[in-house]
Amino acid sequence: MATIDRQATTLALAHALSAAERGLAVLPLSRTKLPALRSPHHDDPGPACHGECGRFGHGVYDASTDPARVREMFAAAPWATGYGIACGLPPYHLIGVDLDTKSGTDAPAALRELGLRHLFTVPDTVVVLTPSGGRHLWLTGPPDVVVPNSASRLAPGIDIRGAGGYLVGPGSRTAHGAYGTLPGTAHLPPAACPPALLRLLLPPPRTPHRALADHGHGLVHFVLTAHEGQRNTRLFWAACRAYENGLGPALATPLTEAARHTGLTEQEARATIASAARMTGHRP
């Protein structure tokens, strides 16, 4: 049974309603940062439902700017202590740039390096501070461009939240602490994503079959040459690239075997590959 923290729930609802007033579609989150409402179809093997049934529990597809609906969702999930903000929806078509600082990564420095290399600077925009010391940058994209979710594709520690993804909203409280806006940025509107950065966020154009096959061999070799301490990280990175290039199902077994060769168990390897599939919006 989920523990109910009424004060945290009340604060999360207040912040969620404020975000909804700004045109940001929101949904309640639990302390684990996952959607607070369980799917009504968890025992139903039928076709995927994205909310067409009219019930709550469809994750980011529940997100709404309607205050009455937001209140209904929080009433149905009194254990919620946070809220998510759906990305990719009008009017902002929000793109979240998640800069991590865990595991020895320095994502802010990596983003600055990308800016120098590709000639862009990130404009002043809303910045949300995470409990782990990371930052979420809010940017807007063009209405006719679909930015996919990705994990560490740009650089280690830089995750992108696009269509079908969501950001933990400021004012949320999770098991690891609270999210809040960087002082001086709360009043800013989300800034437009620089065109050069936007191009980096979009999937690469389709390449001929031979090139994809060579790319697959390269990803397997990348995992095979991993040293202790980087085995799981390399496997996750390679699996993300495989799914983004349409090679995920074909490379799942070769990547698993390569990971086993480096010392991971088959169960560990398959769990990491499944996580990469979910992160890139694919079914494991």
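Quick summary incoming for the structure in this document. What you see is a predicted model, and the numbers here were worked out from it, not measured in a lab.

**Remarks on the overall build of the protein**
Consideration 1: In terms of helices and strands, the protein carries eight helices and twelve strands.
Consideration 2: In terms of overall dimensions, the protein is globule-like: its C-alpha atoms have a radius of gyration of 20 Å, near the 19 Å expected for 284 residues.
Consideration 3: Over its C-alpha atoms, taken along the principal directions, the protein stretches across nearly 55 × 50 × 35 Å.
Consideration 4: In the protein, buried positions account for 45% of the 284 residues.
Consideration 5: Considering only residue pairs separated by 6 or more positions, the protein has 71% of its internal contacts joining residues 24 or more positions apart.

**Let's talk about the pattern of salt bridges**
Consideration 1: Per the stated rule, a full pass over the model turns up eight salt bridges.
Consideration 2: Of the charged contacts in the structure, one is a salt bridge between R117 and E113, with a shortest N-O distance of 3.0 Å. Taken together, the residues R117 and E113, both in helix α3 (residues 107-118) and four residues apart, mark about one turn of the helix.
Consideration 3: Its salt-bridge partner being R241, residue E244 comes within 3.0 Å of it at the nearest N-O pair. Separated by three residues within a single helix, E244 and R241 lie in helix α6 (residues 231-244), roughly one turn from each other.
Consideration 4: According to the relative accessible area criterion, E244 is partly exposed, its value standing at 21%.
Consideration 5: Classification of R241 as buried rests on a relative accessible area of 6%.

**Digging into the nonpolar core**
Consideration 1: If you look at the biggest cluster of nonpolar residues, it comprises 33 residues, and the most contacted ones within it are V26, V70, F74, Y83, I85, L94 and W138.
Consideration 2: Every element with two or more residues in this core is listed here: α1 (6-21), β1 (26-29), α2 (67-76), β2 (82-86) and β8 (166-168).
Consideration 3: Considering every element that reaches this core, the biggest residue donor is α1, with six residues.
Consideration 4: In contact with V70, not counting residues within four places along its chain, are L13, A16, L17, V26 and S64.

Rules and cut-offs
- Think of each chain on its own: its residues are numbered from 1, step by step along the sequence as written.
- It should be noted that, the model being predicted, local features are given only for residues of pLDDT at least 70 and side-chain atom pairs only at 80 or more, the latter also being counted only at that level, while totals for whole chains, interfaces and linings use all residues.
- Hydrogens and waters are ignored; side-chain quantities use all the structure's heavy atoms.
- Runs of E in the DSSP output that reach at least two residues are strands. Runs of H or I that reach at least four are helices, and both are numbered from the N terminus.
- Based on C-alpha atoms, the radius of gyration is set beside the globule rule, defined as 2.2 Å times the residue count to the power 0.38.
- Buried residues are those whose accessible area, probed at 1.4 Å on protein chains only, stays under 20% of the maximum for their type, while exposed residues exceed 50% and partly exposed ones sit between those limits.
- Any pair of residues with heavy atoms lying within 4.5 Å of one another is described as a contacting pair.
- Throughout this description, the term salt bridge denotes a Lys or Arg side-chain nitrogen within 4 Å of a carboxyl oxygen of Asp or Glu.
- Note on terminology: a nonpolar core comprises buried Ala, Val, Leu, Ile, Met, Phe, Trp, Tyr and Cys residues joined through side-chain atoms within 4.5 Å.

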